[in-house]
4 protein chains.
Amino acid sequence: MVIILKENADSHQLENLISWLREQNLKVHMSEGVKQTIMGLIGDTTAVDIDMLKALDIVEDIKRIQEPFKNANRKFHPLDTVVNVGEAFIGSDELVLIAGPCSVESREQICSVAKSVKASGAKLLRGGAFKPRTSPYAFQGLRENGLELLLEAKKETGLPIVSEIMDLSQLRLFENVDIIQVGARNMQNYELLKELGRTNKPVLLKRGLSSTLSELVLSAEYIMTGGNEQVILCERGIRTFETSARNTLDLSAVPILRGMTHLPVLVDPSHSTGISKLVLPMSLAATAAGANGLIIEVHNDPPHALCDGQQSLTPEMFDDVARRVFAIKPFSYSFHS
Amino acid sequence: MVIILKENADSHQLENLISWLREQNLKVHMSEGVKQTIMGLIGDTTAVDIDMLKALDIVEDIKRIQEPFKNANRKFHPLDTVVNVGEAFIGSDELVLIAGPCSVESREQICSVAKSVKASGAKLLRGGAFKPRTSPYAFQGLRENGLELLLEAKKETGLPIVSEIMDLSQLRLFENVDIIQVGARNMQNYELLKELGRTNKPVLLKRGLSSTLSELVLSAEYIMTGGNEQVILCERGIRTFETSARNTLDLSAVPILRGMTHLPVLVDPSHSTGISKLVLPMSLAATAAGANGLIIEVHNDPPHALCDGQQSLTPEMFDDVARRVFAIKPFSYSFHS
Amino acid sequence: MVIILKENADSHQLENLISWLREQNLKVHMSEGVKQTIMGLIGDTTAVDIDMLKALDIVEDIKRIQEPFKNANRKFHPLDTVVNVGEAFIGSDELVLIAGPCSVESREQICSVAKSVKASGAKLLRGGAFKPRTSPYAFQGLRENGLELLLEAKKETGLPIVSEIMDLSQLRLFENVDIIQVGARNMQNYELLKELGRTNKPVLLKRGLSSTLSELVLSAEYIMTGGNEQVILCERGIRTFETSARNTLDLSAVPILRGMTHLPVLVDPSHSTGISKLVLPMSLAATAAGANGLIIEVHNDPPHALCDGQQSLTPEMFDDVARRVFAIKPFSYSFHS
Amino acid sequence: MVIILKENADSHQLENLISWLREQNLKVHMSEGVKQTIMGLIGDTTAVDIDMLKALDIVEDIKRIQEPFKNANRKFHPLDTVVNVGEAFIGSDELVLIAGPCSVESREQICSVAKSVKASGAKLLRGGAFKPRTSPYAFQGLRENGLELLLEAKKETGLPIVSEIMDLSQLRLFENVDIIQVGARNMQNYELLKELGRTNKPVLLKRGLSSTLSELVLSAEYIMTGGNEQVILCERGIRTFETSARNTLDLSAVPILRGMTHLPVLVDPSHSTGISKLVLPMSLAATAAGANGLIIEVHNDPPHALCDGQQSLTPEMFDDVARRVFAIKPFSYSFHS
């Protein structure tokens, strides 16, 4: 961390600042110029509150050099974290496909989709029970019943399940869910993240619509600080000025996150684009960019899906996508190659 | 709502669609062109699920004409909603100032700030007890104790209080809080919004960092649909590419929201800019643009604030801001003038 | 195009509007509702000035249904445009690599880079002579001399050359340049685009930093309307709130543009990310997403590059990228498959 | 400027770097830590090419501390620049109104508007002759004839005129134009900026749609470096995700630019919002925020304006805006108060 001091900084205040920094076990190096004096801080600055320092009278600006996270930092944990669920090893060399409908709608629907995506090579079943919807007038999910139907599909197919939690009061209902998903709108729901940090369940953490990669990793850090290190990151598109797809899928996030952290990185080509015919090209591109897996919406009857049918694939389309992403995988980028 | 049909749309599917729309009490008008046929829907389309329609095979695109909200819509409720708390009438011609520290830190701090902002004309005291912080290593607020200290300051000064809730499990602690604030990160925490809709407390709903005005109003609609009509909107800056201030304060949101809804609209010049010396010009500008009030951070010792000190005013600076915004108010824009 | 009329629209003005629309050879269909009347326009609305219509007293809003471009529109020209330059067929099934330094610096540099990228499979040489730089204090390119050095490299290697024009007064200098590049900052320099439309040179049109895909295609339309149909589009990253890479590479632009237009689409993984180690993963991803080619910065001595060295590859690194993108190409998305 | 070195940086390369920096008249201070060594550079780093340094093998990152501009920098020129044209002193305590139609359409139109805006207190007449339009099918302006009509209006009313240049080949036509406007799309047309730097005409430089304030000031620096110090900055809205107004007017840009530079800062409430009924509130807010003037679209017949009629005021509406902004001015923010 580098602190830029104001011209003619009061020397008494400066001494106080230096003592305080030394108490935080930081070494302080001064570089005095004609117009500007800068202080270099050497040591672990993860927990230094940058806003508090910026508020000091004698400080003009502060530049952070060290990343503000530790548990998720690849510098301190060079080996990849691999999250094992069922037959999937998320974070390994394998490309893991997670597939299923946006919303669970009926026993028949979820079991039928589960069987077909399993046959196409998916290792996990996704399905929404609690649905965050922008409008209070839109379908809000089957809730508890949706989770039960998912568990039935799991029983029938053996596929572990992924579903989204919307509030920490729902946590007890997720006991038999294999991976708990935290959606984009909840990426900074810190009370929820802290509670998930106290569980031993893998957490699939989706990037917020306007969250920087650093903020995404800090949200993972909230979970990991509680003791739960099984965090899976997921790029799902960011909000920009462009409106030709629902969001802008940020695929450079994949290699950047793989460098910043040791956590697995998935990509969601369905929600990010919102358009079913973009799912194939974006799935291929995400795989090529080195994603550890894909999470894809599949519905046995897209035109009648109760939510987001527009972005769903039919099982046949998903089978084609699966075949093609597995084929492209050996030619794709890998962080370690 | 206008539905654009694909060329050569299957006539059987088209009949089904038309029947289904008529069942929703909508009238259907067809305009057939050489290349394109469009359907105009007449009636209340608030609850029509646009994503579901878009997923139909025969539909190329859909354009919404009517706004997707009703309770908050000025078209249906032309009179301004005025929220009365203590001596403040938020939404009336009066400019309401809400002031106080980012975080409650001690009894002495909060009471001292409360007294001085009251003397300067603030009608409500704000103070954070539960603090959403990007990093798990940053100060997280005094929590329950913070709320108790706020209540003491309320007792001592008579100022009603505003504080932020972070999770619905905290709701019982807010019994004596006068206005419950929902922060930008929770603007789309729908479980929380629904629960707040069942209370009879005024809710101060801050715009999400990357939320459109339409999404903000739909979040208000979540609360209002539950029966609680006392919702106060607050513009607090949006995330853009520009980094010279913390966020970009979107002041055109003020007259636009006043036109879209009958709800009061506040502006937060402190969090949006993150820079104390911008608070005065942005407070004047927000008032001029027709805001119903301002929510401003004031700390009796900004350099030692445990969070966001950099954007806090001293009581003296706040007194100057208050004096100047009250002076400019009579020359400002008003939706009804 | 759909025109939504205001309630109680004046009938005389309405008749005037209808007559005017019919004079534009448009058919008008009216759908009258209780609260709202909408007019559907059938016919070619490309040239209808939407802003002018919106200004009419009786009009509440207008929704465009037809795309506002014609020459570039795939609907009217379903076959791919293929631009042939030297041995490259840009827009065909082939993946075309264009490589070279950000700035031409010396005869030795440009010839050395040209030879090595040719050996690795590049079909065109790129090199900046006129350099748009944010700061007036940064290196502005060798200008005329730079173009001459490029021509020498072309002579020596047989590689056709691509270079950026910054102003139409420079056009006569580009006589022997094979493809004229229009940079992101000039994407909406309409005087330049019109002039290029009167030449018979292929134009490589880069997307502006904050341009929508529709605006990019409209800029291509400016060139094509002048008679020059050899336009090549290039995605090179857009400006968003994310700062971990220089810009956000928008790869979904590739399949979307391929669907909107019949023009070839390239991707620039160097300028978009600004980080050399992201060039490999983003080149693989762009190829997988169906790009017709890549434009990559290569420098024989990146640390001493006079501009943007940070994003340049060495010839050895480029050779590796080339080998890998050619290997992944057969498994990639193609618009027609 | 602070250079962060990579761990285990090669000592020979380090020595080379240090010598090179000293040759640029910079003093180098080293702070060595266990994991990281940082170099502080003291001296004038305006012209140091940050990209070149970042490309060095031994450099991990660089943080700029000093602003990269000099001529426009308030630190070096604390006194306000005041541009005097006719009776207007732009940059002084006075609020200067510039008004007129988006496009010049006829002699009658421009003279009529000129007279009425003069009567309302405008000190300059604006009018577009060369019009940058997104679509090649939209009205492109009367060009040379438009400039001639503007000059006639100037002759008739005595109002100095402001008009937009689109290409440097048009410069000779602007001999009698009092202020040359550079539009948002040309803010980074560096060949044009350099040429304007060699004239002695005031330049009204509009912020690009996605330009940072620092980039805007660097574009001003291009003009000033050529010797022309009469640059007027103009905030005109930035592109964000929000679509309820055409662009997002960034009013915090006003006090921030006033602090960064000594140049006058105007605001354009017409183009930024694109909606005529937002012009009054945003004009009041811009004035309150300390703008030196406003540039407002006025048309004597908005519904028949050939471009952007939707955002134009009638002369009567402009008279009301003028009256109200002059009334609010004494209560507004001023950088020096």
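Residues numbered from 1 in each chain as written. Chains lettered and ligands numbered in written order. Predicted model: local features only at pLDDT ≥ 70, side-chain atom pairs only at ≥ 80, totals over all residues. Heavy atoms only, no water.

## Quick notes on the overall build of chain A
Scanning chain A from terminus to terminus reveals 10 helices and 14 strands. Counting only C-alpha atoms, chain A reaches 75 × 45 × 35 Å along its principal axes. Residues classed as buried in chain A amount to 66% of the 337 residues present. When the accessible surface of chain A is summed, it comes to about 11,400 Å², and 49% of that surface belongs to carbon and sulfur atoms. Taken together, the 35 basic and 41 acidic charged side chains of chain A have centroids lying 3 Å from each other. (Helix = DSSP H or I, 4+ residues; strand = E, 2+ residues; numbered from the N terminus. Buried < 20%, exposed > 50% of the residue type's maximum accessible area, 1.4 Å probe, protein only. Areas by Shrake-Rupley, 256 points an atom, 1.4 Å probe, with all protein chains shown as cover. Lys, Arg positive; Asp, Glu negative; His and termini not counted. Charge placed at Lys NZ, Arg CZ, Asp CG, Glu CD.)

## Observations regarding the packing of aromatic side chains
Applying the stated criterion across every chain yields a total of 10 aromatic pairs over all chains. Plain terms: the ring middles of Phe331(A) and Phe331(C) are 4.5 Å apart, the flat faces sit at 20° to each other, and that makes the pair stacked. Within this pair, whereas Phe331(A) is found in the segment after helix 10 (315-328), its partner Phe331(C) is found in the segment after helix 10 (315-328), the two belonging to separate chains. Relative accessible area serves as the criterion here: at 28%, Phe331(C) is assigned to the partly exposed category. Measuring from centroid to centroid gives 4.4 Å for Tyr190(D) and Tyr222(D), while their planes differ by 20°, and the two rings are stacked. Of this pair, Tyr190(D) sits in helix 5 (residues 190-197) while Tyr222(D) sits in helix 6 (residues 213-225), and the two are 32 residues apart along the sequence. With a relative accessible area of 0%, Tyr190(D) lands in the buried category. (Phe/Tyr/Trp six-rings, centres within 6.5 Å; stacked < 30°, edge-to-face > 60°.)

## Remarks on the relation of the copies chain D and chain B
With an RMSD of 0.1 Å, the fit of chain D onto chain B corresponds to turning through 180° and sliding 0.0 Å along the axis. Here the symmetry operator amounts to a two-fold rotation axis. In terms of C-alpha distance to the rotation axis, chain D has Ala285(D) as its closest residue, with the C-alpha 2.1 Å off the axis. Of the interface residues in chain D, 100% have counterparts in chain B that sit at the interface too, so the contact is made through matching surfaces. (Least-squares fit on C-alpha atoms with pLDDT ≥ 70 in both. Contact = heavy atoms within 4.5 Å.)

## So, the sheet that holds strand 10 (residues 179-182) of chain B
Residues and elements named next belong to chain B. If you trace the eight strands once around the closed barrel, you get 7-8-9-10-11-12-13-14, paired in parallel fashion. Pairwise comparison of adjacent strand axes, ignoring direction, gives a mean angle of 30° for this sheet. Sheet analysis places strand 10 next to strand 11 (residues 203-206), joined by three bridges and oriented parallel. When the bridges of strand 11 are listed, Ile180 appears paired with Val203. (Pairing = 2+ DSSP bridges. Axes fitted to C-alpha atoms, helices over the stretch in contact; angles between N-to-C directions.)

## Re the relation of the copies chain C and chain D
Superposition record for chain C on chain D: RMSD 0.0 Å, screw rotation 180°, translation along axis 0.0 Å. Here 100% of the contact residues of chain C are again contact residues in chain D; the copies associate through an equivalent surface.

## With respect to the confidence of the model for chain A
Looking at chain A, pLDDT values average 91 and 97% of them are 70 or higher. Our summary of model confidence lists the complex with pTM equal to 0.91 and ipTM equal to 0.91. (pLDDT = per-residue confidence, 0-100.)

## Notes on the interface of chain D and chain B
Contact with chain D, which involves 35 residues of that partner, is made by 35 residues of chain B. For the pairing of chain D and chain B, the buried interface totals around 2,800 Å² over both sides, and the portion due to carbon and sulfur atoms is 73%. For the pair chain D and chain B, the interface holds two salt bridges. Close ionic contact of Arg207(D) with Glu242(B) constitutes a salt bridge, the shortest N to O distance being 2.7 Å. Mapped by element, the contributors of at least two residues to the side of chain D that touches chain B are helix 7 (253-260), helix 9 (279-288) and helix 10 (315-328) of chain D. Of all the elements, helix 9 of chain D adds the most residues to the side of chain D that touches chain B, at six residues. The residue inventory of the side of chain D that touches chain B, partitioned by class, reads 21 nonpolar, nine polar and five charged. (Buried area = accessible area lost by both parts, 1.4 Å probe. Salt bridge = Lys/Arg side-chain N within 4 Å of Asp/Glu carboxyl O. Nonpolar A, V, L, I, M, F, W, Y, C, P; charged D, E, K, R; others polar.)

## Remarks on the interface of chain C and chain D
Each side of the interface is counted separately: chain C has 48 residues, and chain D has 48 residues. Summing both partners gives a buried area of about 4,300 Å² for chain C against chain D, and 49% of it is carried by carbon and sulfur. Where Glu215(C) meets Arg239(D), a salt bridge forms, and the shortest distance between an N and an O atom there is 2.6 Å. One can count 21 residue pairs in polar contact (both at pLDDT 80 or more) joining chain C with chain D. Elements supplying a minimum of two residues to the side of chain C that touches chain D: helix 2 (50-54), helix 5 (190-197) and helix 6 (213-225) of chain C. In terms of residues, the side of chain C that touches chain D owes the most to one element, helix 6 of chain C, which gives five residues. A class-by-class count of the residues in the side of chain C that touches chain D yields 18 nonpolar, 16 polar and 14 charged. (Polar contact = N/O pair within 3.5 Å; in protein donor to acceptor, adjacent residues only side chain to side chain.)

## Quick notes on the pairing of strand 14 (residues 293-297) of chain B
Of all five residues in strand 14 of chain B, five are buried; the element is thus mostly enclosed. Where burial is concerned, the two faces of strand 14 of chain B agree: the one with Gly293(B), Ile295(B) and Glu297(B) and the one with Leu294(B) and Ile296(B) are both buried.

## Looking at the sheet that holds strand 9 (residues 161-165) of chain C
Residue and element names in this part refer to chain C. Strand order in the closed barrel formed by eight strands is 7-8-9-10-11-12-13-14, with parallel pairing between adjacent strands. Averaged over all pairs of adjacent strands, the angle between their axes in this sheet comes to 30°, without regard to strand direction. Examined bridge by bridge, strand 11 (residues 203-206) and strand 12 (residues 231-235) share four bridges and lie parallel to one another. Bridging across to strand 12, Leu204 finds its partner in Ile232. On top of the sheet, helix 4 (residues 144-157) reaches strand 8 (124-126) and strand 9; it is set at about 170° to strand 9, its chief contact. In the packing of helix 5 onto the sheet, the strands contacted are strand 9, strand 10 (179-182) and strand 11, and the crossing angle to strand 10 comes to about 165°.

## Re the packing of helix 3 (residues 107-119) of chain D against helix 4 (residues 144-157) of chain D
Residue and element names in this part refer to chain D. Helix 4 packs onto helix 3 with a crossing angle of 40° between their chain directions and a minimal axis gap of 9 Å. Taken together, helix 3 and helix 4 sit at an angle that is classed as oblique. The crossing of helix 3 and helix 4 is right-handed. Contacts between helix 3 and helix 4 pair Arg107, Ile110, Cys111, Ala114, Lys115 and Lys118 from the former with Leu149, Leu150, Glu152, Ala153, Glu156 and Thr157 from the latter. (Parallel < 35°, antiparallel > 145°, perpendicular 65-115°, else oblique. Left-handed = near helix turned anticlockwise from the far one by under 90°.)

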